[in-house]
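# What the coordinates show
For reference, the chains in residue letters:
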Amino acid sequence: MKNFHVAVIGGGVIGSALAWELCHYKIDVVVFEASSDVAFGTSKANSGVIHSGINSPPSSLKARFCVEGNRMFQSLSNELGFPLKWIGKYVIAKNWDEIKELERLTNIGNQNKVNGLEIHEGFLVKKKEPRISCVAGLWVPTAGIIAPYECTIALAENAVENGVRFLLETKVEYLKKKSDHFAIGTNKGEFQADIVVNAAGLNCREIVSFIETPDFQVYPCRGEYLVLDKTYGSLVHSMVYPIPVKELGVLGVHITPTVDGNILLGPSAEFLDDFSDTGTTKDMMKLLLQEAREILPALPENATINAYSGIRCKLSCPKTGGWSDFRIEESQQHSGLIHLLGIESPGLTAAPAIAKEVTKMISSEMKLEKKISVKIRPVQRKRFSEMSMQEQSALIEKDERWGRMICRCEQVTEAEVINALLNPLRAQTFSSVKYRCRAGMGRCQGGFCTQHIVRIMEQQLQIDVSKLKLKSPTSHLFTGKVRKEKK
Ligand SMILES: Cc1cc2nc3c(=O)[nH]c(=O)nc-3n(C[C@H](O)[C@H](O)[C@H](O)COP(=O)(O)OP(=O)(O)OC[C@H]3O[C@@H](n4cnc5c(N)ncnc54)[C@H](O)[C@@H]3O)c2cc1C
């Protein structure tokens, strides 16, 4: 039984940002993550937008951490090497009535100290976005995009390089307060920690209920997306949002370019009872396309290559309007227990700022002494597909595995698949490979490369294919052999 100074429950973007922040100090930190990798919860299934702070009321925690987080992202991206593009966004008014909403958002943004907001007339919007028709648009230059899973992986992997332990496939099952520490029971045994941070996302209420009576409910609200083929990547250049849907406390179906050149349509907003239902539905796919066409009439019928959904951790129900603030607080009953509750959008944007705040809270419980320096994990900042012919040839000359194309759609090489597999978190599922190097994320969605990745995983991990997992401890890729091997 190991005693840690700080235990974090949950390896989403919040837990991983906290791990990265805490690895700068001379303390022992552990992150418990129930899934087989980080970012396998809501943190991989969102719009990937670094919001600017025009949507949350001034003086709310959402506004404060969104604006602070937004300002931290450029240096985080420079330091850790995940891509970030400041492409800006338009919120558009489709009729004259909606212009009042643009003025309201500008006013909120100004109070939140968001820079550069401008309302453009329809013809000016058209100059930048020729396929969008609207009467006016609010231009928000400080909105950006990232791949949310790449950011979370970078935070977690760099924290590991600096001594944080990530225990994957380790589910917290109970939490008890002892005289001077917490006992944390998991499926892998009991651990001890002086301070516990509940960053369990949608499961935040369950963690609270292990040790005290929760005074809140979580209302899961699913958002489905469509992913368009890269061929349609230039339909828009910036993000394009409708006027937010106030009744549900969401931003509405928007059109969002990704850092890799696809376009996302979504998300929908559907309150569910099931916290784990990340399915997608035919009806919603139709509706998303229909709503997106109201903004972008030129959207073709057959551009979709994939669909996914993420679940919002809402603390208020649709009847009360669906909006509530983040709750970032120490337990009233147990000092040293910090709960992060209702971290829905803009939680991705807010993550680095929330991590700083929680670190400040921890420093009031224990002495935090800074390390002289931290190590940054070297990353291949450019993908093979983005390199010049000369750069590609130089790599192939050094190692022929750079010359073997595994994923034809995304142009991912064998060397990139192997690098993804040899990650410091030791996350070894098929999806862990996919989210690190994009193999299987292209037009054929793994139709061609799956067999080759399986072969590489078998060789590198030296295990039988029957043990290979898709994305969770129980999701085996193969159930058995269809014929006996020849002797
Ligand atoms: C549809 C949608 C769109 C969004 N768009 C944006 C956006 O564009 N920009 C933005 O800023 N924000 C956005 N968000 C919000 C953002 O995605 C979330 O705020 C953020 O991902 C929350 O991160 P998290 O770490 O709290 O949760 P999660 O990513 O869910 O992580 C929690 C982790 O805790 C683990 N866990 C749970 N219980 C246990 C346990 N008992 N033991 C061990 N581990 C456990 C889970 O497996 C999970 O990995 C969006 C959200 C949704 C749903």
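Residues numbered from 1 in each chain as written. Predicted model: local features only at pLDDT ≥ 70, side-chain atom pairs only at ≥ 80, totals over all residues.

### Thoughts on the overall build of the chain
Defined as follows: Secondary structure is summarised from DSSP: a helix means a run of H or I of at least four residues, a strand means a run of E of at least two, and numbering begins at the N terminus for each. For the radius of gyration, the atoms used are the C-alpha atoms, and the globule rule reads 2.2 Å times the number of residues raised to 0.38. Partly exposed residues are those whose C-beta has more than 12 but fewer than 20 other C-beta atoms within 10 Å; with 20 or more the residue is buried, with 12 or fewer it is exposed, and the C-beta atoms are placed from the backbone. Residue pairs are scored as contacts if the distance between their C-beta atoms, which are placed from the backbone, is within 7 Å.
When its secondary structure is counted, the chain shows 12 helices and 22 strands. A compact globule built from 487 residues should have a C-alpha radius of gyration of about 23 Å, and the chain, at 23 Å, falls within 12% of that. When the backbone C-alpha atoms are referred to their principal axes, the chain occupies close to 65 × 60 × 45 Å. Across the 487 residues in the chain, those meeting the buried criterion constitute 47%. Intrachain contacts of the chain at a sequence separation of at least 6 include 72% that bridge at least 24 residues.

### Focus: the sheet that holds strand β4 (residues 84-85)
In plain terms, the rule: For two strands to count as paired, DSSP must find a minimum of two bridges between them.
Strand order in the open sheet formed by 3 strands is β3-β8-β4, and the pairing between neighbours is antiparallel. The open sheet is flanked by β3 (49-50) and β4, the only strands paired with a single partner.

### A closer look at the site of the ligand
The cut-off we apply is this: Proximity of a residue to a molecule or strand is defined by its backbone-placed C-beta atom lying within 6 Å of that partner. Under the grouping applied here, Gly and all other residues not named as nonpolar or charged are polar, the nonpolar ones being Ala, Val, Leu, Ile, Met, Phe, Trp, Tyr, Cys and Pro and the charged ones Asp, Glu, Lys and Arg.
Taken together, 39 residues sit near the ligand, with G12, G41, G201, G223 and G347 positioned nearest. Among the secondary structure elements, those contributing two or more residues to the shell around the ligand are α1 (13-22), β18 (304-314) and α8 (347-363). Taken together, the residues of the shell around the ligand break down into 16 nonpolar, 19 polar and 4 charged.

### Details of the nonpolar core
The nonpolar side chains of a soluble globular protein tend to be buried, and buried together. Using the following cut-off: One nonpolar core equals one set of buried Ala, Val, Leu, Ile, Met, Phe, Trp, Tyr and Cys residues connected by C-beta atoms within 7 Å.
Membership of the largest hydrophobic core comes to 122 residues, with the highest contact counts inside it found for V6, A7, A19 and V197. If you look at the next biggest cluster of nonpolar residues, it comprises 18 residues, including L421, F430, C437 and M457.

### Details of the packing of helix α10 (residues 414-421) against helix α12 (residues 450-461)
Stated precisely, the cut-off is as follows: Note on method: axes are straight lines fitted to C-alpha atoms, helices fitted across the in-contact stretch only, with angles between N-to-C directions ranging 0 to 180 degrees. In what follows, roughly perpendicular refers to angles from 65 to 115 degrees, roughly parallel to angles under 35, roughly antiparallel to angles over 145, and oblique to any angle outside these ranges. Crossing handedness is read from the near helix: turned anticlockwise from the far helix by less than a right angle, it gives a left-handed crossing, and turned clockwise, a right-handed one.
Relative orientation of the contacting elements α10 and α12 amounts to 50°, with a least axis distance of 10 Å. Relative to α12, the element α10 lies oblique. Handedness of the crossing formed by α10 with α12: right-handed. Between α10 and α12, the contacting residues are E414, V417, I418 and L421 on the first element and I453, I456, M457 and Q460 on the second. Class assignment for the residues of the contact of α10 with α12 results in 6 nonpolar, 1 polar and 1 charged.

### Focus on the domain arrangement of the chain
Our working definition: Segment limits for the domains were obtained from an automatic or database-derived domain assignment.
Parsing the chain into structural domains produces domain 1 (1-85 + 144-213 + 320-379), domain 2 (86-143 + 218-319) and domain 3 (384-467). When each unit is reduced to the centre of its C-alpha atoms, the spacing between domain 1 and domain 3 is 29 Å. Residue-level contacts link 14 residues of domain 1 with 9 residues of domain 3. Residue contributions to the side of domain 1 that touches domain 3 peak at 6 residues, all from helix α5 (residues 148-161). The residue inventory of the side of domain 1 that touches domain 3, partitioned by class, reads 8 nonpolar, 1 polar and 5 charged.

### Section: the environment of E206
Here E206 lies in helix α6 (residues 204-209). Spatially, the C-alpha atom of E206 lies 32 Å from that of I54, the residues being 152 residues apart in sequence.

### Here we look at unusual backbone geometry
For the bond from G266 to P267, the omega torsion is 0°, close enough to zero to count as cis. Inspection of the secondary structure puts P267 in the loop between β16 (263-266) and β17 (270-271). Look at the link from S345 to P346: it is a cis peptide, with omega at 10°. For P346, the position within the fold is in the loop between β20 (337-341) and α8. The phi dihedral of R438 falls on the positive side, at around 75°, and the residue is not glycine. Relative to the helices and strands, R438 resides in the loop between α11 (430-437) and α12.

### A closer look at the pairing of strand β10 (residues 172-177)
Relative to strand β11 (residues 182-186), β10 runs antiparallel, the two being bridged by 5 bridges. Paired with K176 across the bridge in β11 is A183. The turn linking β10 back onto β11 is made up of 4 residues.

### Structural notes on the pairing of strand β5 (residues 89-93)
Across a regular strand the side chains alternate sides, sitting on one face of the sheet and then on the other. Most of β5 is tucked away: 5 of the 5 residues are buried. Because side chains alternate across β5, one face comprises the buried residues K89, V91 and A93, and the other comprises Y90 and I92, equally buried. Note that β5 and strand β7 (residues 136-140) share 5 bridges and pair antiparallel. Within β7, the residue paired with I92 across the bridge is G137. The pairing of β5 with strand β14 (residues 239-241) spans 3 bridges and is classified as parallel. Following the sheet pairing, V91 is matched in β14 by Y241.

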